[in-house]
Amino acid sequence: MTTTLGTASAAPGEIDTGRLEVGETRDGSPFGLPVAVINGQRSGKTLYMQAASDGDELNGVGVIQRVVPQLDPAEIAGTILIVGIVNYHAFQVAEHRNPIDDTKMNRAYPGNENGTSSERIAAATFEAATRADLILDLHQGSTSRMIDEVRVRCGKRHRLHDDCLELAKVFGCGYILDQKGPDGQLARAAPDEGIPTVDPELGGTVGWDETSIRKGVEGVFNVLTYYGFLDGDVIPESQTRARGFEQYGAPGGGLISFQKDLGERVRAGETLFELTTPFGEPKAEVTADSTGILWRTRRLPQVATGEYVCSVATDIDDY
Ligand SMILES: [Zn+2]
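This section reports on the structure supplied with the text.

Scoring rules and cut-offs
- The written sequence of each chain sets the order in which its residues are numbered from 1.
- Predicted model: local features are reported for residues with pLDDT of at least 70 only, side-chain atom pairs are reported and counted for 80 or more only, and whole-chain, interface and lining totals are derived from all residues.
- Excluding hydrogens and water, the side-chain values take into account all heavy atoms of the structure.
- Under the DSSP-based scheme used, a helix requires at least four consecutive residues in state H or I and a strand at least two consecutive residues in state E, with every element numbered from the N terminus.
- Computation of the radius of gyration draws on C-alpha atoms alone. For the globule rule, the value is 2.2 Å times the number of residues to the power 0.38.
- Contact between two residues is taken to exist if any of their heavy atoms lie within 4.5 Å; hydrogens are not considered.
- Surface exposure here means Shrake-Rupley accessible area, sampled with a 1.4 Å probe, where a residue is shielded only by the protein chains that are shown.
- Positive charge is attributed to Lys and Arg, negative charge to Asp and Glu, and no charge count is given to His or to the chain ends.
- Here the site of a charge means atom NZ of a Lys, CZ of an Arg, CG of an Asp or CD of a Glu.
- We define a salt bridge as a side-chain nitrogen of Lys or Arg found within 4 Å of a carboxyl oxygen belonging to Asp or Glu.
- For each residue, the accessible area found with a 1.4 Å probe, counting protein chains only, is set against the maximum for its type, and the residue is called buried under 20%, exposed over 50%, and partly exposed in between.
- The definitions used throughout rest on a 1 Å grid laid over the protein atoms alone, on which a cavity is an enclosed set of points accommodating a 1.4 Å probe that cannot get out and a pocket is an open set flanked by protein within 12 Å on both sides along at least five of seven lines; lining residues are those having an atom within 4 Å of a point.
- Grid points are joined across faces, edges and corners, and a volume is the space filled by probe spheres set on the points.
- By the convention adopted, Pro, Cys, Tyr, Trp, Phe, Met, Ile, Leu, Val and Ala count as nonpolar, Lys, Arg, Asp and Glu as charged, and the other residues, Gly among them, as polar.

**Some remarks on the overall build of the protein chain**
- Counting secondary structure elements, the protein chain contains six helices and 19 strands.
- The C-alpha atoms of the protein chain give a radius of gyration of 20 Å, which matches the 20 Å a tight globule of 319 residues would have.
- Structurally, the protein chain occupies a C-alpha span of about 70 × 50 × 35 Å along its principal axes.
- Taking the contacts inside the protein chain whose residues are at least 6 apart along the sequence as the reference set, 71% of them involve residues at least 24 apart.
- Accessible surface, the protein chain: about 13,600 Å² in total, of which carbon and sulfur atoms supply 44%.
- Computing the positive centroid from 30 side-chain charges and the negative centroid from 47, the protein chain places the two 4 Å apart.

**Re the pattern of salt bridges**
- Considering all chains together, one arrives at 16 salt bridges under this definition.
- Notably, a salt bridge pairs arginine 151 with glutamate 149, separated by 2.9 Å at the nearest N-O pair.
- By relative accessible area, arginine 151 is classed as buried at 7%.
- For glutamate 149, a relative accessible area of 0% corresponds to the buried category.
- Via salt bridges that share partners, Asp178, Arg241, Arg243, Asp315 and Asp317 belong to a single interconnected network.

**Things to note about the layout of surface pockets**
- Estimates place the volume of the largest pocket at around 380 Å³.
- The wall of the largest pocket is formed by 23 residues, among which Lys104, Arg107, Arg151, Arg153 and Arg296 lie closest to the centre.
- Put simply, the parts of the chain that give the lining of the largest pocket at least two residues each are strand 11 (197–201), strand 12 (240–249) and strand 19 (308–318).
- Classifying every residue of the lining of the largest pocket by side-chain character gives four nonpolar, ten polar and nine charged.
- Estimates place the volume of the second largest pocket at around 230 Å³.
- For the second largest pocket, the lining is made up of 15 residues, of which Glu24, Thr25, Arg26, His89 and Ile100 are closest to its centre.
- Counting residues per element, the ones that place at least two in the lining of the second largest pocket are strand 3 (14–24), helix 2 (88–92) and helix 3 (117–129).
- Of the residues belonging to the lining of the second largest pocket, the class tally is seven nonpolar, five polar and three charged.

Written as structure tokens, this is what we have:
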């Protein structure tokens with residue numbers, strides 16, 4: 001059976017790319033999101049993948065750009081639907097939020113086809129996503145520095161929690177953040193439709209990060225193999241799971257230096273970072289409230305009072 005997504009249409013054993021039209025730009029030109037359909041020779045499950053839901057998160061685009069040329073529909077069982085760049089307007093200007101409505105795309109799901117710019121894009125991609133049996137929404141920690149992890153956002157009481165956790169473990173970045181996300185996330189909305197969904201968070205960088213992209217490519221192939229799209233076996237490896245997340249802000253203005261490396265374990269009471277004046281005079285030391293792992297840090301050293309500095313993931317176990 002031929003599978004269509006936007007203008008991409010592929011019969012069994014074929015791959016096609018095209019555009020999923022969602023509206024017009026400010027000059028009246030129609031615009032569409034780049035899409036691909038990989039229709040396997042044999043029948044099987046459907047996987048939906050998308051990248052750049054946040055317009056400055058480019059590692060996912062790097063993953064898809066490497067994965068697709070390696071997929072041979074003749075060797076695949078099932079169908080892979082891909083939206084390569086979701087946040088069209090933000091991607092054009094390398095910003096996080098859609099500049100047309102100043103909205104974060106991953107708060108707009110399941111979207112509204114008659115709504116704002118972001119809601120319409122969310123609705124169009126949600127319609128594609130909910131045709132699938134599994135969903136990967138490729139993100140990263142924006143341009144902050146962050147470890148490679150996979151987020152399960154449905155919450156532990158959700159009926160699909162175990163399925164989402166399994167998908168996160170199979171993807172296998174090494175770390176899982178298992179914490180209910182805010183409303184409007186694809187990884188919240190799609191499990192409500194019965195579809196296991198995770199957010200692989202592939203590091204955090206300006207542009208492309210080779211290590212994170214490689215982990216993402218490996219993760220996608222782990223998923224394709226484990227769920228039977230490709231022949232072979234994958235034995236999911238134990239992951240370090242965090243179920244809490246604490247954020248730290250600057251107690252004053254100045255320059256911060258971290259006392260812990262990203263990914264390093266921290267104990268409650270240990271110093272996370274120091275704050276100094278531009279002349280190196282110490283102003284403050286901030287210690288961890290809880291034991292956990294230094295998960296994410298700001299990129300730039302200069303901070304104003306209250307400005308975001310870092311996050312420590314807490315409540316750690318092996319899953
Ligand atoms: Zn994101």
